[in-house]
Amino acid sequence: MRDHAALSEEFNKDEARVDWHDETLWFIRQKRDRAVHSIPEWEWLRETGSQIKNNVLSNLSAYLEQFEANALKNGIHVHWAADAQEHNEIVLSIMKRHQADRMVKSKSMLTEECHLNDFLAKNGVEVIDSDLGERIVQLAKEPPSHIVLPCIHKKKEEIGDLFHEHLGTAAGEADPQVLTEAARQHLRDTFLTRKVALTGVNFAIAETGEFVVCTNEGNADMGAHLSDVHIACMGIEKIIPERKHLSVFLRLLTRSATGQPITTYSSHFMKPREGQEMHIVLVDNGRSRQLGRPDFRNSLKCIRCGSCMNTCPVYRRSGGHSYHTTIAGPIGAILAPNLDMKDHADLPFASTLCGSCSNVCPVKIDIHDQLYKWRQVLVKEGHVDSVKAAGMKAMAYTFANPSVFEVAGKSGRWFMKNFPSLVSNRLNPWYKEREMPEPPKESFREWYSKNRKKV
Amino acid sequence: MTVGLFIPCYVDQFYPNAAIATLQLLEKLGVDVVYPKKQTCCGQPMANSGFSHLTGGCDELFTEIFADFDYVVVPSGSCTLHIKDHLHSQKQPGESEALRTKVYELVEFLTDVLKVESLEANFPHKVGVHQSCHGLRGLHLSQMTELVAPPFSKPGKLLSMVNGLELVDLDRQDECCGFGGTFCVAEEAVSAKMGKDRVADHIKHGAEYITGADLSCLMHMEGILRRQKSNVKVVHIAEILNGI
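Please read these numbers as outputs of a predicted model, since none were measured by experiment.

Chemist: Any chance you could explain the overall build of chain A here in plain terms?
Modeler: Tallying secondary structure elements over chain A gives 22 helices and ten strands in all. Dimensions of chain A, computed from the C-alpha atoms along their principal axes, are close to 90 × 55 × 45 Å. In chain A, which comprises 455 residues, the proportion classed as buried is 51%.

Pasting the structure below:
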């Protein structure tokens, strides 16, 4: 499997495309800036959101049980899934019970995380994603590259080609309005004919047993309201204590995500309508393990706004797929090692630790500090290559011994000579697009010995 | 007041002029400055690579050398932040703890400790300021664009005291240059692209010089500028403030 560095190198072969990708996401960062700067109490909102989520994580089991009890009272079927496999089996069993082989699904990163679509396909269930961006990547047989903007890596001409192939639009048609209309017609038929609809969950309220789904397209509502069976799948960290807390989170979420004041639809689902069946699947899939890691537990505060991706200078120039995991970008890089350390050992290193992610995070997750901490864990667990480890030991020895360092410094500017090759197997990668600094005639310490008497 | 001067390893070896300017500037401002020659590195290259368990030697050495000074001044935000956040000595835990609060990056030492209000310096050029991430988001040398909070800039305040100097605006005033320590070689493609984009922003706005408080970022951008055979130069803020 190629790592983030290799996949990014591939992405960077088309520099004009990198510029386009960077500017597209920077535009969203700017929209976010304008939206949040119009709210004087923005930092207070972030702090409040963060504190509510801290409370949730400290009392998670109690809130989950409270939510379950209230949801049951409301007539919702509640399921608990320890991992992705259990989650997928539960969904399939509901499909089977209703003898349904077709599903309409609105956006749910959790089902992406569990690879539900593949699992259902293997079991003879056809899934159509109804979020436009998700539908586009589904037609392209690609995973989403961004949690809020799944097809942000695709240009409209490429979407036009996909729609021409799959939905019968005219060849070369790339007008977003025409393409959207084509998708609308195609999905309308899907909504009308699917008996089972699956949605994600943005917030589940312990106090009332209801859940809230936020979309801009209304596709979750179309699917859920026209279906006989509504299945909602959520990670266990999506819980919030009380309904009034939505007044904080709904203000934070979309301003952070896209710069809108609020999602077009923030739909509350509390009980099945008459004749409908409603299920909720509460999924752990590693979340309890993450909760047990003191340094990383607060990554579970994430409300999946994607603002850390939009601001990340690395993400913007490497693309979501370079992270080879469901949730890309800085937040993905601190979540993924919890799921599989070996497979995702490269991700915490795919960052300059610039810290912009932590500053935009609406619930104040210390993302860049956690990236730093994951690096320490990954090295200790042996997930870093031996050349780098040997290089680091040599560096540590040199720096711990002033006489060795001074000799090394004199004999050819030790730092630049050794540093690049110590951390990379490739032949001096610094020099590929950068000149080396020109070594001066004398180092500062040499100058100091000649020009100052002290020490 | 006696100040211990810590010069980052790569500055010692590649940018002695920035170190000399730092020393001379502090001396001009009446500070008694000592440069202990046993110093090497703060340990950050190892720690940021995940090898913080190998930084014990650096930490002991740093603590031993600098424990007795009133302040330690470093012309680098990144190294300063590393010491503030991570310095820990097994042999002298109390001293290393105290050092974490006594260490200052040069710009903040000038504005917050010495409270410099005027400088005798001329630099009749258009200058772009690179806000290095660790100085910006770690040490809060300037306000961060992500936050809803009143603007300020400590480097900007000092540069405004320099005669003839004209600051240029940037499209992205605090985006990372892509150096990132070992990131610059481990993730060469993205690192170089970030550097090229950052440099282009300064060039677009007519900067003749790019300055900042961190030579690691400036070294990265200088490497790109020189490869592009650009006339734009990098200069450490100490050299401007010292009046080169």
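Chemist: Looking at this structure, I do not really get the domain arrangement of chain B. What am I missing?
Modeler: The extent of an interface is frequently quoted as the accessible surface area lost upon association of the parts. All names here are of chain B. Considered domain by domain, chain B is made up of domain 1 (2-113) and domain 2 (126-241). Here domain 1 and domain 2 have C-alpha centroids that lie 22 Å from each other. Contacts between domain 1 and domain 2 engage 25 residues on the former and 22 residues on the latter. Those elements giving two or more residues to the side of domain 1 that touches domain 2 turn out to be α1 (9-14), α2 (16-28), α3 (44-48), α5 (77-86) and α7 (106-113). Looking at side-chain class alone, the side of domain 1 that touches domain 2 contains 13 nonpolar, ten polar and two charged residues.

Chemist: In this structure, what is going on with the sheet that holds strand β1 (residues 2-5) of chain B? I would like to understand it.
Modeler: Pairing between the strands of a sheet is mediated by backbone hydrogen bonds and can be parallel or antiparallel. All names here are of chain B. Taken in spatial order, the four strands line up as β2-β1-β3-β4 in an open sheet, and their pairing is parallel. The sheet terminates laterally at β2 (32-34) and β4 (103-105), the two strands that pair on one side only. Put simply, the sheet's adjacent strands are angled 35° from each other on average, direction ignored. With three bridges joining them, strand β3 (residues 71-74) and β4 adopt parallel strand pairing. Note on β4: the bridge partner recorded for valine 73 is tyrosine 104. Against the sheet, α5 touches β3 and β4, its axis set at about 155° to β4. The sheet strands contacting α7 are β3 and β4, and the helix crosses β4 at an angle near 100°.

Chemist: Honestly, the environment of Met95(A) in this entry has me stumped. Any pointers?
Modeler: Residue and element names in this part refer to chain A. With respect to the secondary-structure elements, methionine 95 resides in helix α5 (residues 84-97). Since 23 C-beta atoms lie within 10 Å of it, methionine 95 is described here as buried. With 25 residues separating them along the chain, methionine 95 and leucine 120 place their C-alpha atoms 9.5 Å apart. Every residue in contact with methionine 95, bar those within four places of it in the chain, is listed here: Ala100, Met103, Val125 and Val196.

Chemist: Please clarify how the packing of helix α3 (residues 42-58) of chain A against helix α12 (residues 246-257) of chain A should be interpreted in this entry.
Modeler: Axis angle and axis distance: for two packed helices, these are the angle between their axes and the distance between the axes, and together they describe the pair. Residue and element names in this part refer to chain A. It is at 10 Å that the axes of α3 and α12 come closest, and there the two elements cross at 120°. One way to sum up the angle between α3 and α12 is to call them oblique. Considering only the axes of α3 and α12, their crossing is left-handed. Judged by residue contacts, Leu45, Arg46, Thr48, Gly49 and Ile52 of α3 engage Val248, Phe249, Arg251 and Leu252 from α12.

Chemist: Is there a simple way to explain the sheet that holds strand β6 (residues 210-215) of chain A in this structure?
Modeler: Residues and elements named next belong to chain A. Strand order in the open sheet made by the four strands is β8-β5-β6-β9, with mixed pairing throughout. The open sheet has two edge strands with one neighbour each: β8 (239-240) and β9 (265-269). As paired elements, β6 and β9 share five bridges and run antiparallel to each other. Residue cysteine 214 lies in a different strand from β9, and its bridge partner there is serine 266.

Chemist: Sorry if this is basic, but what is going on with the interface of chain B and chain A here?
Modeler: Each side of the interface is counted separately: chain B has 63 residues, and chain A has 63 residues. Listing elements by their share of the side of chain B that touches chain A, those giving two or more residues are α1, α2, α3, α4 (56-66), α8 (133-138), α10 (183-186), α11 (188-204) and α12 (215-227) of chain B. Per element, the largest residue contribution to the side of chain B that touches chain A is seven residues, and it comes from α12(B). Its residues assigned to classes, the side of chain B that touches chain A shows 35 nonpolar, 16 polar and twelve charged.

Chemist: Help me understand the domain arrangement of chain A, please; the structure alone is not making it clear to me.
Modeler: All names here are of chain A. Here chain A is described as being made up of domain 1 (1-38 + 296-384), domain 2 (41-285) and domain 3 (387-451). Computed over C-alpha atoms, the centres of domain 1 and domain 2 are 22 Å apart. Counting residues at the interface gives 29 residues for domain 1, matched by 28 residues for domain 2. At the level of secondary structure, the elements contributing two or more residues to the side of domain 1 that touches domain 2 comprise α2 (15-37) and α14 (307-311). No other element matches the nine residues that α2 contributes to the side of domain 1 that touches domain 2. For the side of domain 1 that touches domain 2, the class distribution of residues is 13 nonpolar, nine polar and seven charged.

Chemist: Would you mind going over the nonpolar core with me for this structure?
Modeler: One recurring pattern in soluble globular proteins: nonpolar side chains tend to sit buried together. Grouped together as the largest cluster of nonpolar side chains are 189 residues, with contacts concentrated most on Phe211(A), Met234(A) and Val73(B). Here this core gets seven residues from one element, more than from any other, and that element is α12(B). Setting aside residues no more than four positions away along its own chain, Phe211(A) makes contact with Val201(A), Phe203(A), Ala204(A), Ala232(A), Met234(A), Phe269(A) and Ile280(A).

Procedures and definitions
Residues numbered from 1 in each chain as written. Chains lettered and ligands numbered in written order. Predicted model: local features only at pLDDT ≥ 70, side-chain atom pairs only at ≥ 80, totals over all residues. Helix = DSSP H or I, 4+ residues; strand = E, 2+ residues; numbered from the N terminus. Buried ≥ 20, exposed ≤ 12 C-beta atoms within 10 Å, placed from the backbone. Domains from an automatic or database assignment. Contact = placed C-beta atoms within 7 Å. Nonpolar A, V, L, I, M, F, W, Y, C, P; charged D, E, K, R; others polar. Pairing = 2+ DSSP bridges. Axes fitted to C-alpha atoms, helices over the stretch in contact; angles between N-to-C directions. Parallel < 35°, antiparallel > 145°, perpendicular 65-115°, else oblique. Left-handed = near helix turned anticlockwise from the far one by under 90°. Core = buried A, V, L, I, M, F, W, Y, C linked by C-beta atoms within 7 Å.

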